[in-house]
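Listed here are the chains, written in short residue letters.
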Number of protein chains: 2
Amino acid sequence: MTEKDIEVMQKLFSPGNVAVIGATASSERVGYNLLDSLIEGGYKGKIYPVHPSLKEILGIPVYPSLRDIPDRVDLALVALNRRDTVEVLERCGELGVKGAVSLAGGFRETGEEGRALEKRIVEIAEKYALKVVGPNTLGIMNLEADLNASFYPVRLKKGNVSLISQSGGIGFSIIQKCQDEGVGLNKFIGAGNRTVLEIADYLEFLAGDAGTRVIGVFLEGVENARRLVQAAGRVARKKPVVIYKVGHSDDVNKATLTHTGSMAGPYKLFRDIFNQYGVLLAGSVAELVAACKALSLCQLPAGGRLGLYTYTAGPAIVALDGLAGREISIPAPAPGTVRKIKAILGEDLPVILKNPIDTGGLGTRSGTYGLLVEAALNDPNFDLLATFSCPHKNWRNPTSELIEAHKKSGKPLLSCYISTIKGVEADREVLQQAGIPLYKSPEETAWGIAALVHYSRGVECLS
Amino acid sequence: MTEKDIEVMQKLFSPGNVAVIGATASSERVGYNLLDSLIEGGYKGKIYPVHPSLKEILGIPVYPSLRDIPDRVDLALVALNRRDTVEVLERCGELGVKGAVSLAGGFRETGEEGRALEKRIVEIAEKYALKVVGPNTLGIMNLEADLNASFYPVRLKKGNVSLISQSGGIGFSIIQKCQDEGVGLNKFIGAGNRTVLEIADYLEFLAGDAGTRVIGVFLEGVENARRLVQAAGRVARKKPVVIYKVGHSDDVNKATLTHTGSMAGPYKLFRDIFNQYGVLLAGSVAELVAACKALSLCQLPAGGRLGLYTYTAGPAIVALDGLAGREISIPAPAPGTVRKIKAILGEDLPVILKNPIDTGGLGTRSGTYGLLVEAALNDPNFDLLATFSCPHKNWRNPTSELIEAHKKSGKPLLSCYISTIKGVEADREVLQQAGIPLYKSPEETAWGIAALVHYSRGVECLS
């Protein structure tokens, strides 16, 4: 991407005004929901709905055509059928619009006519230097600009994680999981058919985007795999890129071809190449979000030696199981740590001073929890620590103790609060603001750990 | 298990009274929380707290010793340290108590002294025909009897899924996930060290338990693997058994040894043997619960041919990806179904009439949704159907349409509502009462599908 390209992309994601072509008063339709999303998202710029006859939708004055809008349009959202979409994109080009999102499906994924229309979009984009997102997309969001230009009217938590998704449905599933996990979002890009802008373009744009610290990608398949892998690898030197990629069977390959028009391709090949380039691969939406969460909140560990501290053995064991085969080192605690813990709890007690360190029932007492975690976190054998506890009606969650110990040590600390029976949203908010991710399952904790260690290793070997 | 054994087990899980030995007024301690759990769970029988000096705890009169209790005790909960536990179990035996739960840890998992004490428990149990759950356990629950005899004071949704867990923490994590998924529970058994009662015993008991339709198990490792596998296989002929087993690495094997005193053992060996015996294996808490949910709610499919119906391609593709390698057949829809769908939507529309059937934007309209799902569900090529939709502020969820179509067809139907932004709890309740499991992610939907198909196949080849 040239500097000029990046400038256009910035305007596309932070537009001074937005036109919605194909706006309608029918609440089931995309054209209505784009308007509703702009309002719901709190967009502060000017909104120009376009419809040949309506005067007002959702309280906003409507313009009969693109030409009648008194401004130069920064972002055109096109919610028309496939044939009219192509017409309007040409009008956009003529009027000097530089950024558009084309929502409609029905292009190359459905056959010959769609393919021909999509070729026209490429020609128009080239002729007018028009950047087009989609077609066949959920839309885009930029929470920094209070812009929800998707047809899902929601207002989301702001943060430093940006997402690129080839699928709207899975994109939304990732967004939802981020919300459920208290992971703040920066930008969302529904890549759709990637007719003009490819995933590699979005990666390059986000690499230079100050608000984005971590990039999560849902991938079905791409035409130019080499360009994607190289771009992802380049971007991964600057900030973490986590990719969730489908394509484990022929059924999936056939289905992706009819979805956004490209084969998923051999999964293992992708995995090996991504590994080589320092790009992280996730196996599910939950893993993608768990990885993004850790990378969004934690400093990187100085090495890959993990300590586990718990008073409930099973969850620590499940986390260990989730780390099996991921080349994370689980060293024994240093003799000094064992001495410290014995000094806190007494010599002759049924606690397990290996790794995981398991203090059993004694570990639940609020008086000693902070001292124990501090001892574990400061162990010179550990580069990062994961703690496990179980919210309980009559026990205080060890939230303040975790924050205190973390402040003193400077090492990455991840916490797993098994179960949400008591409700852990308030604790999560406080912990995550202090840079300690809170996970509700040991499996997700393991994925967060693996992402931190693997990315820090990748940084080493790439830099 | 003999008939007499089963009778004793039934009394243990449906006791007329419960003694809590080691009851205390300190809310951080297990002895207090057992009492709190009995109250919170709504237990209707008599509760006898035992403490040498206290007069009343949580409003309940306290007895100075087991001997002072005016009743024959049906269930003794022993919340004392390991040495006193052994003493009290002997008293239980002498007094003719037949069922006990021993909560304390500190037995063979911590070394020689613990091992010796545990041997004493075995001797006592044999001498007095005393059934002991644990030690080193979270406790037991029987929701049918409003009995929460664990030290986690919660009240849970009742249903037909029973759980056996070797770990309290993971047991609780499974319970919590069940609650989050609207999966009702029947019994929970924290197996702990399995000193007297082994997992095979619990399986055999639950096999004959009328309230239990599905059995979920979390397993670390066992001493007598042969007995476990044979018991699980025998039980699986009567009702589904889903096992989540850790043990993917040596680190895990070492950790399980110091947890409940047994090695996890070679994972692949377990998997192959379980498969052979018709026992289902899950890879995570989420998968265990997804499988139990489908088996709890759905009738079994007549075969393994799956149809997928969606208006958002990505989630159906992710579900397909989750099914890769699981030998589920994904046949094309029958010509009659394609004709029906065209008759509903029109001939020349950009919809994909393969499998997944993807009606794109047209599929979101409430007027036609029911007709489309009905057409898909009645396709003679499909033995079961999964549908995917995306809750949205301005669209009605297709809940009533799914229920209507399901009623008419008699085939298993699983629904995936991507995202919970709108809140889907009310829809979930209604759908699940109608026998349609609702999943919030396509990965979990795939696990539910796989469990149904695999169990129905197992039933075929075993019967």
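Our subject is the structure that appears above.
First, a word on scope: everything that follows refers to the structure included in this document. This one's a predicted model, so the numbers in the text were calculated from it and none came from an experiment.

So, about the overall build of chain A. What chain A contains, in helices and strands, is 16 helices and 20 strands. Relative to its length of 463 residues, chain A is compact, with a C-alpha radius of gyration of 25 Å against a globular reference of 23 Å. The C-alpha extent of chain A, read off along each of the three principal axes, is 85 × 45 × 40 Å. Residue burial in chain A is summarised as follows: out of 463 residues, 65% are buried.

Below, the discussion takes up helix H14 (residues 399-409) of chain B. Residues and elements named next belong to chain B. Those residues of H14 that fall on the buried side of the exposure criterion are Thr399, Glu401, Leu402, Ile403, Ala405 and His406. On its buried face, H14 is in contact with helix H13 (366-377), strand E18 (384-389), strand E19 (413-417) and helix H15 (425-433). Phi turns positive one or two residues past the end of H14, at Gly410, with a value near 75 degrees.

Tracing the backbone through its elements, the reader meets Glu443 of chain B in helix H16 (residues 442-462). Among the polar contacts listed, one links the side chain of Glu443 of chain B to the side chain of Tyr244 of chain A, at a separation of 3.4 Å. In contact with Glu443 of chain B, not counting residues within four places along its chain, are Tyr244, Ser284 and Val285 of chain A together with Val318 of chain B.

This part takes up the state of the cysteines. Applying the stated rule across the entire model yields zero disulfides over all chains. Cys390 of chain A takes part in no disulfide bond, and the closest cysteine sulfur, belonging to Cys416 of chain A, lies 8.8 Å away. Cys390 of chain A gets classed as buried once you look at its relative accessible area, which sits at 5%. The cysteine Cys292 of chain B is free of any disulfide, with Cys178 of chain B supplying the nearest cysteine sulfur at 6.4 Å.

One side chain can pair with another of opposite charge once the charged atoms of both are near each other. Residues and elements named next belong to chain A. With the rule as written, the count across this model stands at 58 salt bridges over all chains. For Lys187, the salt bridge goes to Asp209, with nearest N and O atoms at 2.8 Å. Residue Lys187 is found in strand E11 (residues 185-190), and its partner Asp209 is found in the loop between helix H6 (199-207) and strand E12 (214-219); the two are separated by 22 residues along the sequence. For the residue pair Lys187 and Asp209, the accessibility class agrees, reading buried in each case. A salt bridge links Arg227 to Asp201; the nearest nitrogen and oxygen atoms lie 2.7 Å apart. Taken together, the residues span a long stretch of sequence, with Arg227 in helix H7 (residues 225-236) and Asp201 in helix H6 at a distance of 26 residues. On the accessibility criterion, Arg227 (30% relative accessible area) is partly exposed. Note on Asp201: relative accessible area 10%, which makes it buried. Here the salt bridges do not stand alone but share partners, grouping Arg67, Glu87, Arg91 and Glu94 into one network.

Another point: the packing of aromatic side chains. All names here are of chain A. A full pass over the atoms with the stated rule returns 20 aromatic pairs over all chains. Ring geometry for Phe13 and Phe205: centres 5.2 Å apart, planes at 20 degrees, overall stacked. Residue Phe13 is located in helix H1 (residues 3-13), and its partner Phe205 is located in helix H6; the two are separated by 192 residues in the primary sequence. The burial state of Phe13 is the same as that of Phe205; both residues are buried. Plain terms: the ring middles of Tyr152 and Phe172 are 4.2 Å apart, the flat faces sit at 40 degrees to each other, and that makes the pair tilted.

Right, let's get into the relation of the copies chain B and chain A. For the pair chain B and chain A, the best superposition has an RMSD of 0.0 Å and corresponds to a rotation of 180 degrees with a translation of 0.0 Å parallel to the axis. Within this description, the copies of the chain are treated as partners about a two-fold rotation axis. Measuring from the rotation axis to each C-alpha of chain B, the shortest distance belongs to Ala286 of chain B, at 5.2 Å. When the interface residues of chain B are mapped onto chain A, 99% of them are again interface residues, pointing to one common binding face.

On to the sheet that holds strand E13 (residues 241-245) of chain A. Residue and element names in this part refer to chain A. As summarised here, the arrangement of the seven strands in space is E9-E8-E11-E10-E12-E13-E14, forming an open sheet in which the pairing is mixed. Each end of this open sheet is capped by a strand with a single partner; those strands are strand E9 (147-150) and strand E14 (280-282). Taken over all neighbouring pairs, the strand axes of this sheet differ in orientation by 20 degrees on average, direction set aside. Across five bridges, the pairing between strand E10 (residues 158-165) and E12 is parallel. Each residue of the ladder has a partner; that of Ser162, found in E12, is Ile215. The strands that helix H10 (residues 285-297) touches are E10, E12, E13 and E14; relative to E13, the one it contacts most, it runs at about 175 degrees.

With that settled, consider the interface of chain B and chain A. Frequently, the measure chosen for interface size is the accessible area that the parts lose on association. Listed as interface residues are 68 residues of chain B and, on the opposing side, 68 residues of chain A. At the boundary of chain B with chain A, the tally comes to four salt bridges. Close ionic contact of Lys393 of chain B with Asp36 of chain A constitutes a salt bridge, the shortest N to O distance being 2.9 Å. For the interface between chain B and chain A, the tally reads 20 residue pairs in polar contact (both at pLDDT 80 or more).

Counting buried positions along E12 of chain A gives six out of six residues, so the element sits mostly inside the fold. Burial of E12 of chain A is two-sided: the residues Val214, Gly216 and Phe218 of chain A facing one way and the residues Ile215, Val217 and Leu219 of chain A facing the other way are all buried.

We now examine empty space enclosed by the protein. Residues and elements named next belong to chain A. Within this structure, the stated rule accounts for two cavities of 30 Å³ or more. Looking at the largest cavity, its volume works out to about 100 Å³. Every residue lining the largest cavity is counted, 13 residues in all, and those nearest its centre are Tyr311, Thr364, Arg396, Asn397 and Pro398. Taken together, the residues of the lining of the largest cavity sort by class into six nonpolar, four polar and three charged. Put simply, the second largest cavity is a space of about 70 Å³.

Calculation criteria
Sequence positions are assigned chain by chain, starting from 1 and proceeding in written order. Working convention: letters from A go to chains and numbers from 1 go to ligands, in the order in which they are written. Local features in a predicted model are, by the rule used here, given only for residues with pLDDT of at least 70; side-chain atom pairs are given and counted only at 80 or more, and totals for whole chains, interfaces and linings are based on all residues. Based on all heavy atoms of the structure, the side-chain values leave hydrogens and waters out of the count. Comment: elements are numbered from the N terminus, with helices defined as DSSP H or I runs of at least four residues and strands as E runs of at least two. For the radius of gyration, the atom set is restricted to C-alpha positions; the globular benchmark scales as 2.2 Å times the number of residues to the power 0.38. Remark: exposure states derive from per-residue accessible area (1.4 Å probe, protein chains only) relative to the maximum for the residue type, with buried under 20%, exposed over 50%, and partly exposed in between. Throughout, a residue-residue contact means that at least one pair of heavy atoms, one from each residue, lies within 4.5 Å. Any N or O atom pair separated by 3.5 Å or less is treated as a polar contact, with the protein-specific requirement of one donor-capable and one acceptor-capable atom, and with residues adjacent in sequence counted only for side-chain atom pairs. Note on disulfides: each one is a pair of cysteine sulfur atoms within 2.5 Å. One speaks of a salt bridge when a side-chain nitrogen belonging to Lys or Arg is within 4 Å of a carboxyl oxygen belonging to Asp or Glu. Any two of the Phe, Tyr and Trp rings considered here, Trp counted by its six-membered ring, make a pair once their centres fall within 6.5 Å; the pair's planes then place it as stacked at under 30 degrees, edge-to-face at over 60, or tilted in between. Only residues with pLDDT of at least 70 in both copies count here: their C-alpha atoms drive the least-squares fit that superposes the copies. Two strands are counted as paired when DSSP detects at least two bridges linking them. To obtain an axis, a line is fitted to C-alpha atoms, over the contacting stretch when the element is a helix, and the angle between two such axes runs from 0 to 180 degrees between their N-to-C directions. Using only the protein atoms, space was sampled on a 1 Å grid; points where a 1.4 Å probe fits but cannot get out form cavities, open sets with protein on both sides within 12 Å along at least five of seven lines form pockets, and lining residues are those with an atom within 4 Å of a point. Grid points are joined across faces, edges and corners, and a volume is the space filled by probe spheres set on the points. When residues are sorted by character, Ala, Val, Leu, Ile, Met, Phe, Trp, Tyr, Cys and Pro go into the nonpolar class, Asp, Glu, Lys and Arg into the charged class, and all the rest, Gly among them, into the polar class.

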